[in-house]
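Each chain, written out:
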Amino acid sequence: MSFGDWMNSRCVQRSTRKYDWNALKFQAGYDPKYGRAQMRYLGTGATGVASDSNTVPAVHFTFSTMIIPAGHVGPLHLHEDTEEVFFVLRGRVRIMCESKEGEYWEIEAGERDLISVPPGVYRGEVNIGDEEALMCVMLGSPKPQTPTYKPDDPLSRVKR
């Protein structure tokens, strides 16, 4: 492969993307408030999507955007193996974090605000605005483990 072809294989244009409302369908099937859409650019992230030939292969991290409809929730979940970064492009999002010991923290994030959540910390989000929110989501691993939920969370028993 020529250098130009190789570089072209590492480019993803918005016109070739579409939002995947099925990536987290197992959550939305349990409760519609969990309905969110992922648009993958680099790797598949940690939503449980096994592969996506329409992305740049991840080498060091993943990158996607996430649409969160007004009032919808990304439930508290845990990545043991990777840092997760939320960067709000549009809207107002409450980011919630909780330690394994039960210490709780939250922040309201708006346009161009960033939150970096270390491995081993539960994290979640809720769109607190009147319109859909748009976030960039990066995970610091090319193939992060599928996240888990608190043992008492009903989503911990939902089949993917």
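The preceding data block contains the structure.
What comes next concerns the included structure. Remember, predicted model here, so these are calculated numbers, not experimental data.

### Notes on the overall build of the chain
Then step 1. Of the regular secondary structure elements, the chain holds two helices and nine strands.
Then step 2. The secondary structure elements of the chain, listed N-terminal to C-terminal, are α-α-β-β-β-β-β-β-β-β-β.
Then step 3. A globule of 160 residues ought to have a C-alpha radius of gyration of about 15 Å, and the chain, at 16 Å, matches this closely.
Then step 4. Projecting the C-alpha coordinates of the chain onto the three principal axes gives extents of approximately 50 × 30 × 30 Å.
Then step 5. Residues counted as buried form 45% of the 160 residues belonging to the chain.
Then step 6. Of the contacts formed within the chain by residues at least 6 apart in sequence, a portion of 70% connects residues at least 24 apart.

### So, the nonpolar core
Then step 1. The biggest cluster of nonpolar side chains holds 24 residues, and the ones touching the most others in it are Phe 86, Val 93, Ile 95 and Met 135.
Then step 2. In terms of residue count, the dominant contributor to this core is strand S5 (residues 93-98) (four residues).
Then step 3. When neighbours within four sequence positions are excluded, Phe 86 is seen to be in contact with Ile 95, Asp 113, Leu 114, Ile 115, Val 117, Arg 123, Glu 125, Met 135, Cys 136 and Val 137.

### Points about the sheet that holds strand S8 (residues 122-127)
For sheets, the rule is that strands pair by backbone hydrogen bonds, running either parallel or antiparallel.
Then step 1. If you trace the four strands from one edge of the open sheet to the other, you get S3-S8-S5-S6, paired in antiparallel fashion. The open sheet terminates on both sides in strands that have one partner only, identified here as strand S3 (73-78) and strand S6 (104-109). Sheet twist, expressed as the mean angle between neighbouring strand axes with direction ignored, is 15 degrees.
Then step 2. Bridge analysis of S5 against S6 gives six bridges, and the strand direction is antiparallel. Looking at the pairing, Met 96 lines up with Glu 106 of S6.

### Re the environment of Val 137
Then step 1. Note on placement: Val 137 falls in strand S9 (residues 133-139).
Then step 2. Look at Val 137 and you get buried, because its relative accessible area is 6%.
Then step 3. Discounting chain neighbours no more than four positions away, the residues touching Val 137 are Thr 62, Phe 63, Ser 64, Met 66, Glu 84, Val 85 and Phe 86.

### Some words on the side chain of Ser 64
Then step 1. Along the chain, Ser 64 turns up in strand S2 (residues 62-68).
Then step 2. Assessed through its relative accessible area of 6%, Ser 64 is described here as buried.
Then step 3. Once residues lying within four places of it in the same chain are set aside, the contact partners of Ser 64 are Gln 38, Met 39, Arg 40, Tyr 41, Met 135, Cys 136 and Val 137.

So, how was this worked out
Residues numbered from 1 in each chain as written. Predicted model: local features only at pLDDT ≥ 70, side-chain atom pairs only at ≥ 80, totals over all residues. Heavy atoms only, no water. Helix = DSSP H or I, 4+ residues; strand = E, 2+ residues; numbered from the N terminus. Rg over C-alpha atoms; globule rule 2.2 N^0.38 Å. Buried < 20%, exposed > 50% of the residue type's maximum accessible area, 1.4 Å probe, protein only. Contact = heavy atoms within 4.5 Å. Core = buried A, V, L, I, M, F, W, Y, C linked by side-chain atoms within 4.5 Å. Pairing = 2+ DSSP bridges. Axes fitted to C-alpha atoms, helices over the stretch in contact; angles between N-to-C directions.

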